[in-house]
Amino acid sequence: MRLPKAGTIEVAPSILSADFAKLADEIAEVESAGAKIIHLDIMDGHFVPNITIGPPVIARLRKHSKLVFDSHLMISEPAKFAERFVQAGSDHITFHIEAADEPERLIDKLHQLGVTAGVCLNPGTPVETIEKVAGLCDMVLVMTVEPGFGGQEFMPEAAKKIVQVREIVGPDVRVEVDGGIDVQTAPTVVSYGADTLVAGNAIFSQPDRSAVIEAIRAACG
Ligand code: DX5
Ligand code: ZN
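Rules of the game
Residues numbered from 1 in each chain as written. Chains lettered and ligands numbered in written order. Predicted model: local features only at pLDDT ≥ 70, side-chain atom pairs only at ≥ 80, totals over all residues. Heavy atoms only, no water. Buried < 20%, exposed > 50% of the residue type's maximum accessible area, 1.4 Å probe, protein only. Helix = DSSP H or I, 4+ residues; strand = E, 2+ residues; numbered from the N terminus. Arc of directions from axis to C-beta. Contact = heavy atoms within 4.5 Å. Near = heavy atom within 4 Å. Polar contact = N/O pair within 3.5 Å; in protein donor to acceptor, adjacent residues only side chain to side chain. 1 Å grid on protein atoms, 1.4 Å probe; cavity = no way out; pocket = protein on both sides within 12 Å on 5 of 7 lines; lining within 4 Å. Sits in = over half its atoms within 2 Å of the grid points. Salt bridge = Lys/Arg side-chain N within 4 Å of Asp/Glu carboxyl O. Pairing = 2+ DSSP bridges. Right-handed = clockwise from strand over helix to strand, strands pointing away. Donors = N, O, S within 2.8 Å, 3.2 Å for Na, K, Ca; no water. Tetrahedral: all angles 85-135°; square planar, octahedral: opposite > 155°, others 65-115°. Phe/Tyr/Trp six-rings, centres within 6.5 Å; stacked < 30°, edge-to-face > 60°. Lys NZ or Arg CZ within 6 Å of the ring centre and 35° of its normal. Core = buried A, V, L, I, M, F, W, Y, C linked by side-chain atoms within 4.5 Å.

With respect to helix α6 (residues 161-169)
No. 1: Within α6, burial applies to Lys161, Ile162, Val165, Arg166 and Val169. Buried residues of α6, viewed axially, fall in a sector of 135 degrees; they line one side.
No. 2: Considering only its buried residues, α6 is in contact with β5 (116-121), β6 (139-143), α5 (156-159), β7 (174-178) and α7 (186-192).

Here we look at the site of ligand 1
No. 1: The full set close to ligand 1 counts 20 residues, and Ser14, Asp41, Gly148, Gly151 and Asp178 are the nearest of them.
No. 2: Within the contact set of ligand 1, an oxygen atom lies 3.4 Å away from a side-chain nitrogen or oxygen of histidine 39.
No. 3: When each cavity is represented as a set of grid points, ligand 1 is found to reside in the largest pocket.
No. 4: The element that contributes the greatest number of residues to the shell around ligand 1 is strand β2 (residues 37-43), accounting for three residues.

Comments concerning the pattern of salt bridges
Side-chain pairs of opposite charge can arise where the charged atoms are in close proximity.
No. 1: Taken as a whole and judged by the stated rule, the model has nine salt bridges.
No. 2: A salt bridge links arginine 62 to aspartate 91; the shortest N-O distance between them is 2.8 Å. With arginine 62 in helix α2 (residues 55-62) and aspartate 91 in the loop between α3 (78-87) and β4 (92-96), the pair connects residues that are 29 residues apart, well separated along the chain.
No. 3: On the basis of relative accessible area, aspartate 91 is assigned to the buried category, the value being 11%.
No. 4: Close ionic contact of arginine 105 with glutamate 102 constitutes a salt bridge, the shortest N to O distance being 3.2 Å.
No. 5: Its relative accessible area of 47% is what places glutamate 102 among the partly exposed residues.
No. 6: Through salt bridges with shared partners, one network takes in Glu26, Glu29 and Arg209.

What to know about the pairing of β2
Walk down a regular strand and you will see the side chains alternate between the two sheet faces.
No. 1: In terms of residue burial, β2 counts as a mostly covered element, since seven of its seven residues are buried.
No. 2: In β2, alternate side chains face the same way, and those of Ile37, His39, Asp41 and Met43 on one face and Ile38, Leu40 and Ile42 on the other are all buried.
No. 3: Inspection of the sheet shows β2 paired to strand β3 (residues 68-74) by seven bridges, in the parallel sense. Opposite isoleucine 37, over in β3, you have valine 68 as the bridge partner.
No. 4: Since β2 and β3 lie parallel, the crossover through α2 that links them has a hand, and here it is right-handed.

Quick word on the coordination of the zinc ion (ligand 2)
No. 1: Around the zinc ion (ligand 2), the protein contributes the donor atoms His39 (NE2), Asp41 (OD), His72 (ND1) and Asp178 (OD), at 2.1 to 2.3 Å from the metal centre.
No. 2: For the zinc ion (ligand 2), the six donor atoms in the first shell make angles of 72 to 170 degrees at the metal, a pattern classed as octahedral.
No. 3: If you list the donors of the zinc ion (ligand 2) from N- to C-terminus, the spacing comes out as H-x1-D-x30-H-x105-D. Here aspartate 178 lies in strand β7 and histidine 72 lies in strand β3, a separation of 106 residues in the sequence. The residues histidine 72 and aspartate 178 share a single accessibility class, namely buried.

Focus on the environment of methionine 155
No. 1: Mapped onto the secondary structure, methionine 155 falls in the loop between β6 and α5.
No. 2: For the pair formed by methionine 155 and glycine 124, sequence separation is 31 residues and the distance between their alpha carbons is 11 Å.
No. 3: Excluding residues within four positions of it along the chain, methionine 155 makes contact with Pro123, Thr144, Val145 and Glu146.

Describing the packing of aromatic side chains
No. 1: Taken as a whole and judged by the stated rule, the model has zero aromatic pairs.
No. 2: Here the basic side chain of arginine 62 rests over the ring of phenylalanine 69, its NZ or CZ set 3.7 Å away from the ring centre.

Points about the nonpolar core
No. 1: If you look at the biggest cluster of nonpolar residues, it comprises 62 residues, and the most contacted ones within it are Leu110, Ile130, Val189 and Leu197.
No. 2: Of all the elements, helix α9 (residues 209-220) adds the most residues to this core, at four residues.
No. 3: Apart from residues lying up to four places away in sequence, valine 189 is in contact with Phe154, Ala159, Ile162, Val177, Ile181, Ala194 and Leu197.
No. 4: The next biggest cluster of nonpolar side chains, apart from the first, holds six residues, and it includes Leu3, Val68, Met139 and Val198.

Right, dumping it as structure tokens:
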């Protein structure tokens, strides 16, 4: 599975707020609601103060879903673990610029392994830190909450960095935004240049996931 080409607005549900006891069903539900990308939040309890899932869970989910697996690695030493996330079935790997010693090298490695690659910026990390590597990415991720937990409040100042990121990467690279995205905040980030909208709590806190995905899309249309 490949990321859709840049230029379309995609809502990427984040599993962080899903029911982990029935992940495959939760993913199937957003797939039938028309999502093309599922955002998988990987936390190691070191880079962020929370722990989620690793490659064995992704490998099992892979058998149940044809969605693009967008793995957001909130981990220290991403270069050490990236290959295992590819082998487990990730289609796109995002790592944090704050955690990578040699980001160019890791992006190259991911491309050689046959997946698309991206870097992510925490709310307090300046855009300048990714200036050299942003153009090598297939998608750049801008955090609009501190990574670690779902359901936090959107940070408007962090979102403004999307404008700068879009300027650097041009129209052919996806710009993803993650944290506090819902029907209210989505139009703002799209106006800044984001085209890939991660939403966890907004979608999985509601019984009708399809209606939320549709409402977010409609709000941005
Ligand atoms: C936070 C994760 C997000 C999270 C977003 O560290 O990276 O993907 O699930 O959740 P909401 O949409 O609830 O802010
Ligand atoms: Zn995420």
